[in-house]
Amino acid sequence: QVQLVESGGGLVQAGDSLRLSCAASGRAIPTMAWFRQAPGQEREFVAAISWITLKTYYTDSVKGRFTISGDNAKNTVYLQMNKLKPEDTAMYYCAGRSMGRNDYDNWGQGTQVTVSS
């Protein structure tokens, strides 16, 4: 059983920064990611990190503004979000992909990020 708990969301102004955290407990998860879902829209991939290769991946709209990182010893992954835009407003979810899976099979409850213009 894996539990993912997000924190760090809030209400900020355009141009501000926020750092989201996701604390994982339970078995090790080799790939961790952040997704987001705005009202009336489908959930979309934001960023991912592989603990095995240490490679990171980003959706185009956040490249150069968001950085995913983590502390493997603490089983925690972060999403540093800079130069936030109103279109970044969404519920942000932490997700983990177990070894051997092609899909993300572990999800947190989400943390709300609201960016005002």
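Details of the structure are given in the entry above.
Thresholds applied
- Residues numbered from 1 in each chain as written.
- Predicted model: local features only at pLDDT ≥ 70, side-chain atom pairs only at ≥ 80, totals over all residues.
- Heavy atoms only, no water.
- Disulfide = S-S within 2.5 Å.
- Helix = DSSP H or I, 4+ residues; strand = E, 2+ residues; numbered from the N terminus.
- Buried < 20%, exposed > 50% of the residue type's maximum accessible area, 1.4 Å probe, protein only.
- Phe/Tyr/Trp six-rings, centres within 6.5 Å; stacked < 30°, edge-to-face > 60°.
- Lys NZ or Arg CZ within 6 Å of the ring centre and 35° of its normal.

A.B. asks: Teacher, can you tell me more about the state of the cysteines here?
C.D. replies: What is meant by a disulfide is a covalent connection between two cysteines, made through their sulfur atoms. Scanning all chains against the criterion turns up 1 disulfide. For Cys 22, the disulfide goes to Cys 94, at an S-S distance of 2.0 Å. The chirality of the disulfide connecting Cys 22 with Cys 94 is left-handed, given an S-S dihedral of about -80 degrees. Linking Cys 22 in strand E3 (residues 18-25) with Cys 94 in strand E9 (residues 90-97), this pair joins segments that are 72 residues apart in sequence. Residue classification places Cys 22 among the buried residues on the basis of a relative accessible area of 0%.

A.B. asks: What is the right way to look at the packing of aromatic side chains in this model?
C.D. replies: Aromatic rings in a pair are described by how distant their centres are and how their planes are angled relative to each other. In the structure shown here, the tally under the stated rule is 4 aromatic pairs. A ring pair is formed by Phe 35 and Phe 45, whose centres lie 5.7 Å apart and whose planes are at 80 degrees; its orientation type is edge-to-face. A residue pair is termed long-range when its members are at least 10 positions apart, and Phe 35 in strand E4 (residues 31-37) and Phe 45 in strand E5 (residues 44-50) qualify at 10 residues. The ring centre of Tyr 78 lies 4.2 Å from the NZ or CZ of Arg 19, which sits over that ring. Its end group placed over the ring of Tyr 104, Arg 97 keeps NZ or CZ at 5.2 Å from the ring centre.

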